[in-house]
Amino acid sequence: KARLILSFYGVELRWVKKKIPILRSFLKWSLNRADLITCISTHTKNEIIELTSKPAYIIPFGAGLEITEKEASPAHPPEILFVGRLVERKGVKYLIDAFRLLLQEIDCYLYIVGDGPQKPNLEKQVQKMGLQNKVVLTGQLPEKDLQKRYQSCSVFVLPAITDSKGDTEGLGVVLIEALTYKRPVVASRVGGIVDIVEDGRTGLLVPEKDSQAL
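Residues numbered from 1 in each chain as written. Predicted model: local features only at pLDDT ≥ 70, side-chain atom pairs only at ≥ 80, totals over all residues. Heavy atoms only, no water.

**Q** Describe in detail empty space enclosed by the protein, supporting the description with residues and values.
**A** Under the defined criterion, the tally for this structure stands at 1 cavity of 30 Å³ or more. Counted as a void, the largest cavity has a volume near 40 Å³. Across the lining of the largest cavity, the residue classes tally to 6 nonpolar, 1 polar and 3 charged. (1 Å grid on protein atoms, 1.4 Å probe; cavity = no way out; pocket = protein on both sides within 12 Å on 5 of 7 lines; lining within 4 Å. Points joined across faces, edges and corners; volume = space filled by probe spheres on them. Nonpolar A, V, L, I, M, F, W, Y, C, P; charged D, E, K, R; others polar.)

**Q** Outline the side chain of Ser30, listing residues and values.
**A** Topologically, Ser30 is positioned in helix α2 (residues 24–33). Accessibility expressed as a relative area gives 9% for Ser30, which makes it buried. Residue contacts for Ser30: discarding those within four places in its chain leaves Leu4 and Leu6. (Helix = DSSP H or I, 4+ residues; strand = E, 2+ residues; numbered from the N terminus. Buried < 20%, exposed > 50% of the residue type's maximum accessible area, 1.4 Å probe, protein only. Contact = heavy atoms within 4.5 Å.)

**Q** Summarise the side chain of Arg183; cite the residues concerned and give the values.
**A** When you line up the elements, Arg183 lands in the loop between α7 (173–180) and β8 (185–188). Here Cys153 takes part through its backbone oxygen, which lies 3.0 Å from a polar atom of the side chain of Arg183. (Polar contact = N/O pair within 3.5 Å; in protein donor to acceptor, adjacent residues only side chain to side chain.)

**Q** Could you give an account of the pairing of strand β7 (residues 155–158), with specific residues and numbers?
**A** Of the two faces of β7, the one lined by Val155 and Val157 and the one lined by Phe156 and Leu158 are each fully buried. Two elements, strand β4 (residues 79–83) and β7, share 2 bridges in a ladder whose sense is parallel. Bridging from a neighbouring strand, Leu81 pairs with Phe156 of β7. (Pairing = 2+ DSSP bridges.)

**Q** Summarise the nonpolar core; cite the residues concerned and give the values.
**A** Counting residues in hydrophobic clusters, the biggest one holds 43 residues, and the most contacted among them are Ile112, Tyr150, Phe156, Leu158, Leu175 and Ile193. Among all residues touching Ile112, those that are not within four sequence positions of it are Phe82, Leu86, Val92, Ile96, Val135, Val136, Leu137, Thr138 and Gly139. Counting 12 residues, the second-largest nonpolar core is a separate cluster that includes Leu13, Val16, Leu31 and Leu51. (Core = buried A, V, L, I, M, F, W, Y, C linked by side-chain atoms within 4.5 Å.)

**Q** Quick rundown of the state of the cysteines? Include the residues and the values.
**A** Counted according to the given criterion, the structure contains 0 disulfides. Of the cysteine sulfurs around Cys108, a residue in no disulfide, the closest is that of Cys153, at 13 Å. Assessed through its relative accessible area of 1%, Cys108 is described here as buried. (Disulfide = S-S within 2.5 Å.)

**Q** For the sheet that holds strand β5 (residues 109–113), give the residues involved together with the corresponding values.
**A** Two strands in a sheet stick together by hydrogen bonds in their backbones, pointing the same way (parallel) or opposite ways (antiparallel). Taken in spatial order, the 6 strands line up as β6-β5-β4-β7-β8-β9 in an open sheet, and their pairing is parallel. Here the strands that pair on one side only, and so sit at the sheet edges, are β6 (135–139) and β9 (204–206). Within the sheet, the average angular offset between the axes of one strand and its neighbour, ignoring direction, is 20°. Pairing of β5 with β6, which is carried by 4 bridges, proceeds in the parallel orientation. Bridge pairing in β6 links Val113 to Gly139. Along the sheet, helix α4 (residues 92–102) contacts β4, β5, β6 and β7; its crossing angle with β5, the most-contacted strand, is approximately 170°. Most of the contacts of α7 go to β7, to which it runs at about 170°, and overall it touches β4, β7 and β8. (Axes fitted to C-alpha atoms, helices over the stretch in contact; angles between N-to-C directions.)

**Q** Go over the pattern of salt bridges, please, and point to the residues and values.
**A** It is possible for side chains bearing opposite charge to pair when their charged atoms get close. This structure, assessed with the given rule, holds 7 salt bridges. Note that Arg89 is salt-bridged to Asp167, the shortest N-O span being 3.3 Å. Pair noted here: Arg89 is in the loop between β4 and α4 and Asp167 is in the loop between β7 and α7, with a separation of 78 residues, a long-range link. With a shortest N-O distance of 3.4 Å, Asp199 and Arg189 are connected by a salt bridge. With a gap of 10 residues between them, Asp199 in the loop between α8 (193–196) and β9 and Arg189 in the loop between β8 and α8 connect regions that are remote in the sequence. Exposure remark for Asp199: the relative accessible area of 44% places this residue in the partly exposed category. (Salt bridge = Lys/Arg side-chain N within 4 Å of Asp/Glu carboxyl O.)

In structure tokens form, the structure reads like this:
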């Protein structure tokens, strides 16, 4: 007889819809008997609306990283930073393409922090473009080192896309972390990112999969 509260990120809804449709009826039943439904973004809320007429309340995440109060000046030459799991929906290959174009204009570095199944492909892309001295794939970093990367970057980029399975960013917590460090952000106009980045006000938004715009 306990009250039931359901909280959704978004990816689990897409799993049910695309990978495990047999659970769709169970999911709808759970939603309809819940006392409260919460979600992390407008994008996720819209996915819930497809399954139930009950209201869902948006409660965004805060920063997942402990923010140090110590201020740090951006590095010189400038550093561009990406943090996240190296999977298709993060769109990192478009960031590397965009970085190659940017190098024609200014001297800078790109730090890609994280690990995942796309890492070997991204390393090959970097080598093929001859960017080994400018693009650094760090793998996962301890929190202290990650804090330093945020502090020293000049801009943070999340080039997310809707991937071949229809999955995309439910929110983009790394953007919140970067903004908490007072770093400018550039991101794709997809998923829950638009809840965080208001184009021209809290950052810049670009079309997904468009390296030139990025």
